[in-house]
Amino acid sequence: EFDVAQAQCLAAFMMAVNEINQDGVLLPDHEIRVAVRVSNAGVDGALSAAEYLAPAAIFPSSDGLNYVSLDDSGVDLVVSAGNDIETVTMNQFFAGRKIIQVHTRAHDSHLGVGASFPYKIATVPTSDFQGHALHSIVC
């Protein structure tokens, strides 16, 4: 089943990447290259998307000194927009391969624990952070 919310989040992310690349001021000597795929709902959909994205991602070589790409695309990171379950599933797949995952939608509090998710970057705050922010505004 196609997830419209994922597609909308990923489209907004890609617009931002395109703007950064075209601007040339924020990263003057680098072009951001990302791999993006909308996954179907659930663990199976997330694993399918992760398996599709992994060959395009770069990761440390066995000597730890260089970075290699399975398909020489030079992609810097992979992007996902699944809910919490899909994000955790994809992160387990990517973290084992030392591939950086940016997620744009999941916000469960446990996703904010860096030690548990060392290769994950979030573009949305975790729900506990949102709660603290609302509390400071209202109280």
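In case you missed it, the structure is sitting above this.
Residues numbered from 1 in each chain as written. Predicted model: local features only at pLDDT ≥ 70, side-chain atom pairs only at ≥ 80, totals over all residues. Heavy atoms only, no water.

Participant: Please clarify how the overall build of the chain should be interpreted in this entry.
Facilitator: Looking only at helices and strands, the chain has four helices and six strands in total. Listing every helix and strand of the chain by position from the N terminus yields α-β-α-β-β-β-α-β-β-α. Out of the 139 residues in the chain, the part that is buried amounts to 33%. Considering only residue pairs separated by 6 or more positions, the chain has 46% of its internal contacts joining residues 24 or more positions apart. For the chain, the computed accessible surface area is about 8200 Å², with 57% contributed by carbon and sulfur atoms. (Helix = DSSP H or I, 4+ residues; strand = E, 2+ residues; numbered from the N terminus. Buried < 20%, exposed > 50% of the residue type's maximum accessible area, 1.4 Å probe, protein only. Contact = heavy atoms within 4.5 Å. Areas by Shrake-Rupley, 256 points an atom, 1.4 Å probe, with all protein chains shown as cover.)

Participant: Any chance you could explain a nonpolar patch on the surface here in plain terms?
Facilitator: Judged by side-chain polarity, Val43, Leu47 and Ile85 come together as a nonpolar surface patch covering roughly 230 Å² of accessible area. Here Ile85 shows up in helix α3 (residues 84-95). (Patch = residues over 30% accessible without salt bridge, like charges linked within 9 Å, V, L, I, M, F, W, Y side chains within 5 Å. Salt bridge = Lys/Arg side-chain N within 4 Å of Asp/Glu carboxyl O.)

Participant: Is there a simple way to explain the environment of Thr123 in this structure?
Facilitator: Note that Thr123 resides in the loop between β6 (120-122) and α4 (127-138). For Thr123, a relative accessible area of 44% corresponds to the partly exposed category. As a C-alpha pair, Thr123 and His107 span 16 residues in sequence and 9.3 Å in three-dimensional space. For Thr123, the contacting residues outside a window of four places in its chain are Val102, His103 and Thr104.

Participant: What is the right way to read the sheet that holds strand β1 (residues 34-36) from this model?
Facilitator: The strands making up a sheet associate through backbone hydrogen bonding, with each pair oriented either parallel or antiparallel. The strand order across the open sheet formed by four strands is β1-β4-β5-β6, and the pairing between neighbours is parallel. Strands with a single pairing partner mark the edges of an open sheet, and in this sheet they are β1 and β6. Along the sheet, successive strands turn relative to each other by an average axial angle of 25°, direction set aside. One ladder, built from three bridges, connects strand β5 (residues 101-103) with β6; its direction is parallel. Considered in β6, the bridge of His103 is made with Ala122. Where α3 meets the sheet, its contacts fall on β4 (77-80), β5 and β6, and the angle it forms with β5 comes to roughly 170°. (Pairing = 2+ DSSP bridges. Axes fitted to C-alpha atoms, helices over the stretch in contact; angles between N-to-C directions.)

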